[in-house]
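Tertiary structure, described
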Amino acid sequence: MLYGIAAATTALLLAAVLAALIRPPALRLGLVDRRRARPVPALGGLAVVGATCVVAGVGDWSGVAPLGAGVGELLIAGGAVALIGVVADVWRLKTRFLLFGTAVAAACVVPYGEFGIAGGALGVGWIAFVAVAFKGLDHADGLAGTVGVVTAFGAGACAAAEVMDGLAVLLSVLAAALTGFLMHNWHPARIALGATGSLFAGFVLAAAALLTQTGHDPVTGAGELFALTAVAGADVLVVVLSRLLAGRPVLRRGPDHLAHRLRRLGLTSQGATVVLGTGSFAGVLVAVLVHGGWVGRTGATCVACVTVSVVLLLLRVPVYGPRRLESTQVSGHLRVRNG
């Protein structure tokens, strides 16, 4: 118990300090998030990755808090995904390469003995999907970090219920590191997670949640996994449907994510993050209750129904302007930045 508190505190402070140290060189090198109107450094995820790996690694190496079988491999695979994220932040890798690299890492941690080949393949696809979905959440100040903290606590509760102590420790350290990072990422953000941190957080959370489902009913487990990551899944769903309905390329960036739509409805940037964080908490709470047997699988079904309803409602919010106007605005924005 005392080690858990000390580890979480260390991870929180270490992530906060590292984020502050990373910001100046990232700005000097021009490594900024191009989705934002102002220059926000995009390598802040290194602080979360570093704090999580160092604190969890020291605990495992010292024997004070061993991660256990499979969890150490998960942390190593997460580190490999973070390296892919670094490359994406520096050289702007396309989404399909991120999906492929994340899927390869996921294939190394999925317990095929528990899920079988078909179930393992589905697990690999789900982990890669969630990791890239978390990358999408990083478009708004504080959003990916807030949803990540909430999800980490939920997955950690499920791990504790399964007596997966090493996994629970890793998730608590990740939650603390994301909290420390949020000190710099809350609106107005001074640094962003970037692909480095968002892919790492999404990968570790998805893989850890999947491990907690070993030995459980697959249908109920699938419902729990969806509830744990409902906001990230809803964000991808609303973006893909919106772009398909508008006849736009699915991978073309645009102001069409959940937070963009909530701001169109009059919410502030902080307000949109709080609303989505609250929605994430509701889904995570249902997942934990279902996992503990306090609520039946209908709880997860209700989360799915509410999520789809919200997506359909927010699809009605106009987010695209005339094509010619959009092109003029983008060109003007680039001229201002280059000038």
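Let me begin by describing the structure that accompanies this report.

Calculation notes
Residues numbered from 1 in each chain as written. Predicted model: local features only at pLDDT ≥ 70, side-chain atom pairs only at ≥ 80, totals over all residues. Heavy atoms only, no water. Helix = DSSP H or I, 4+ residues; strand = E, 2+ residues; numbered from the N terminus. Rg over C-alpha atoms; globule rule 2.2 N^0.38 Å. Buried < 20%, exposed > 50% of the residue type's maximum accessible area, 1.4 Å probe, protein only. Contact = heavy atoms within 4.5 Å. Core = buried A, V, L, I, M, F, W, Y, C linked by side-chain atoms within 4.5 Å. Axes fitted to C-alpha atoms, helices over the stretch in contact; angles between N-to-C directions. Parallel < 35°, antiparallel > 145°, perpendicular 65-115°, else oblique. Left-handed = near helix turned anticlockwise from the far one by under 90°. Nonpolar A, V, L, I, M, F, W, Y, C, P; charged D, E, K, R; others polar. Salt bridge = Lys/Arg side-chain N within 4 Å of Asp/Glu carboxyl O. Patch = residues over 30% accessible without salt bridge, like charges linked within 9 Å, V, L, I, M, F, W, Y side chains within 5 Å. Areas by Shrake-Rupley, 256 points an atom, 1.4 Å probe, with all protein chains shown as cover. Phe/Tyr/Trp six-rings, centres within 6.5 Å; stacked < 30°, edge-to-face > 60°. Lys NZ or Arg CZ within 6 Å of the ring centre and 35° of its normal. Expected span 1.5 Å × (residues − 1). Bend = angle between axes of the 7 residues up to and from the residue.

The subject of this paragraph is the overall build of the protein. Across its full length, the protein carries 14 helices and 0 strands. Of the regular secondary structure in the protein, the N- to C-terminal order runs α-α-α-α-α-α-α-α-α-α-α-α-α-α. Its C-alpha atoms give the protein a radius of gyration of 19 Å, within 12% of the compact-globule value 20 Å for 339 residues. Principal-axis analysis of the C-alpha atoms gives the protein an extent of 55 × 45 × 35 Å. Out of the 339 residues belonging to the protein, those deemed buried represent 50%. When contacts within the protein are restricted to residue pairs at least 6 apart in sequence, those whose partners lie at least 24 apart make up 76%.

Counting 90 residues, the largest nonpolar core has L74, I127, L137, L167, L170 and F203 as the members making the most contacts within it. Dropping the residues within four chain positions of it, I127 is found in contact with T102, A106, V110, F203, A206, A207 and L210.

This part is about unusual backbone geometry. Of note, the bond from H187 into P188 is cis; its omega dihedral lies within 30 degrees of zero at -5°. Mapping P188 onto the fold places it in the loop between α7 (165-185) and α8 (194-211). A positive phi is found at R92, a non-glycine position, where the angle reads about 60°. Topologically, R92 is positioned in the loop between α3 (71-91) and α4 (95-107). Classification of R92 as partly exposed rests on a relative accessible area of 29%. Phi angles above zero are rare outside glycine, and V163 is one such case at about 55°. Mapped onto the secondary structure, V163 falls in the loop between α6 (143-161) and α7.

Another aspect to go through is the packing of α3 against α4. Interaxial distance between α3 and α4 falls to 9 Å at its minimum, and their mutual angle equals 165°. Relative to α4, the element α3 lies roughly antiparallel. The handedness of the crossing between α3 and α4 is right-handed. Here A77, V81, I84 and A88 of α3 come into contact with α4, specifically with L98, G101, T102 and A105. Taken together, the residues of the contact of α3 with α4 sort by class into 6 nonpolar, 2 polar and no charged.

The contact between α4 and helix α5 (residues 112-137) brings their axes to 8 Å, and the two run at 145°. Judged by the sense of rotation from one axis to the other, the crossing of α4 with α5 is right-handed. Touching T95, L98, L99, T102, A103, A106 and A107 of α4 are Y112, V124, I127, A128, F129, A131, V132 and K135, all from α5.

What the rule picks out here adds up to 2 salt bridges. For D256, the salt bridge is made with R243, and the minimal N-O distance between the two is 2.7 Å. Note that D256 is positioned in the loop between α10 (230-245) and α11 (258-264) and R243 in helix α10, a separation of 13 residues in sequence.

Here the focus is the side chain of T146. Among the structural elements, T146 can be located in helix α6. The exposure class assigned to T146 is buried, which follows from its relative accessible area of 17%. Once residues within four sequence positions are removed from consideration, T146 is found in contact with L182, W186, T273 and G277.

Residues V87, V90, W91, L93 and F97 make up a contiguous nonpolar surface patch of about 470 Å² in total accessible area. The element best represented in the nonpolar patch is α3, accounting for 3 residues. Structurally, V90 can be placed in helix α3. Judged by relative accessible area, which is 31%, V90 ranks as partly exposed.

How two aromatic rings sit relative to each other is given by the distance of their centres and the angle of their planes. Summed over all chains, the structure comprises 0 aromatic pairs. The ring of Y320 has R248 sitting right over it, with the charged end atom 4.1 Å from the ring centre.

Below, the discussion takes up α5. Helix length check: α5, at 26 residues, gives a terminal C-alpha distance of 29 Å against a target of 38 Å (1.5 Å per residue), a shortfall beyond 12%. At A118, α5 shows its maximal kink, close to 90°.

It helps to recall that an α-helix has 3.6 residues per turn; residues three or four apart then point in one direction. Under the 1.5 Å per step criterion, the end-to-end length of helix α12 (residues 269-292) is 35 Å for 24 residues, consistent within 8% with the ideal 34 Å. Elements in contact with the buried residues of α12: α6, α9 (218-228), α10, α11 and α13 (298-314). With its phi angle positive at about 85°, G293 sits one or two positions after the end of α12.

Note that every value here comes from positions in space, so none of it alone points to a role or purpose.
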